[in-house]
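Observations on chain architecture
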Amino acid sequence: MDNSIILSRTDPNLPPKVGEFEKYAEFEPMARGKKARLDSCFDVIMGRSVAMKRLLPEAADDPDEQRRFLREARVTAQLQHPNTVPVYEIGRDDEGGIYFTMKKISGENFFEVLKRIAKDDEETAAKFPISNRLDVIADACLALAYAHAHGVVHRDFKPENIWVGAFGEVILLDWGIAKVWGHEDDFADDPTDHKIPLGSRLDSLEDEAGMRTLTRTGQLLGTPLYMSPEQVLGHKYLDERTDIFSVGIVLYEALCFVEPFRGRDIRTTFDNIIHEPPVPPHIKRPEAGIPEEAGLVAMRALAKKPDERYQSVLQLVDELRMAARAAE
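Residues numbered from 1 in each chain as written. Predicted model: local features only at pLDDT ≥ 70, side-chain atom pairs only at ≥ 80, totals over all residues. Heavy atoms only, no water.

**With respect to the packing of aromatic side chains**
The full count for this structure, using the stated rule, is 6 aromatic pairs. With a centroid separation of 5.1 Å and an interplanar angle of 50°, the aromatic rings of Phe 69 and Phe 100 are classed as tilted. Pair noted here: Phe 69 is in helix α2 (residues 63-78) and Phe 100 is in strand β5 (residues 98-103), with a separation of 31 residues, a long-range link. Of the two residues, Phe 69 and Phe 100, neither departs from the other in class, the shared state being buried. Between the aromatic rings of Phe 245 and Phe 261, the centroid separation amounts to 5.7 Å while the plane-to-plane angle is 10°, which identifies the pairing as stacked. Highlighted residues: Phe 245 in helix α9 (residues 240-256) and Phe 261 in the loop between α9 and α10 (266-275), separated in sequence by 16 residues. Residue class for Phe 261 comes out buried when judged on its relative accessible area of 1%. Among the aromatic residues, those joined into a cluster by ring pairs are Phe 21, Tyr 24, Phe 27 and Tyr 99. Between Arg 48 and the ring centre of Tyr 88, over which it is positioned, the NZ or CZ distance is 3.7 Å. Over the aromatic face of Tyr 310 sits the side chain of Arg 300, whose NZ or CZ is 4.4 Å from the ring centroid. (Phe/Tyr/Trp six-rings, centres within 6.5 Å; stacked < 30°, edge-to-face > 60°. Helix = DSSP H or I, 4+ residues; strand = E, 2+ residues; numbered from the N terminus. Buried < 20%, exposed > 50% of the residue type's maximum accessible area, 1.4 Å probe, protein only. Lys NZ or Arg CZ within 6 Å of the ring centre and 35° of its normal.)

The structure is reproduced here in structure tokens:
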């Protein structure tokens, strides 16, 4: 079904009785992850297409996954901002599983854009020059700033969670491991132990999938390639500056097409995050025409000590915009 408005579908009277899930029809798959699936469907009551996210059967009975899923829906619903997706409804499907519906947006995640540019796709490179890539990140950061103003830290800012719409929309997704600023992590199995040994529990994750998609391992929350030093070290309290570090990693990747701290395995990656300063982007790839201003923004965001980074996302956004203009 295309995105055209079909007036005939807005005219029918309401059926005499319809259940909360029975009102959805015409399901079509959109995406599938390790824990959840995303489908397009038609809301026969409202007369519109929506996106529905549901836990997969293997995760549906896991209490932690249910909490994470509901948190994603409820945090997103509360953060009503142009760079977050509107959530319409939370409910249970005909098998008792939890779902939530939201605005359907055509497009793709930012990581797919970066992959094509890295593979020398000329059309994508022309559509997303450096200035446009910086603007995409800045737009996603506005959602972060709004969340921070409401006491919420995202903790998983990465290209896969930035949705680039077909009509210029930029949406920051996946608030499933977000936390309230200043509170201990209520997803931790043991609130007295927030560190994770960089040993056996990570061995099975030392591959590309583990690097990019890890969400929880013991008390570890986030995605290894985009974690701040505070996350790696298991600090109990995180503030907006941990998200700023992750923004710096995404910015570096958008400029250089390589993550700044990637090692041969997750343990080496974590060691790099904690100890090793990256080569500035404009020096790493001098042939790419990266403005020095953009490289310096990334390096400040990537400071190991939180006090040496930007102290607010809006400050970072201002300098990103200036760097974008310098790149035009």
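**Regarding the environment of Gly 248**
Following the sequence through the fold, Gly 248 ends up in helix α9. On a C-alpha basis, the gap between Gly 248 and Val 297 in space is 7.7 Å, while along the polypeptide they are 49 residues apart. The residues touching Gly 248, leaving out its near neighbours within four places in the chain, are Ala 298, Ala 301 and Leu 302. (Contact = heavy atoms within 4.5 Å.)

**What to know about the pattern of salt bridges**
Applying the stated rule across the entire model yields 21 salt bridges. Between Asp 39 and Arg 54 there is a salt bridge; the shortest N-O distance is 3.2 Å. Of this pair, Asp 39 sits in strand β2 (residues 36-43) while Arg 54 sits in strand β3 (residues 48-55); the two residues are 15 residues apart in sequence, bridging distant segments of the chain. When its relative accessible area of 1% is taken as the criterion, Asp 39 is described as buried. Here Arg 241 ties to Asp 239 by a salt bridge, and the two come within 2.8 Å at their closest N and O atoms. Just as Arg 241 is buried, Asp 239 falls in that class too. Each member of the salt-bridge network shares a partner with another, and the members are Asp 135, Asp 139, Arg 321, Arg 325 and Glu 328. (Salt bridge = Lys/Arg side-chain N within 4 Å of Asp/Glu carboxyl O.)

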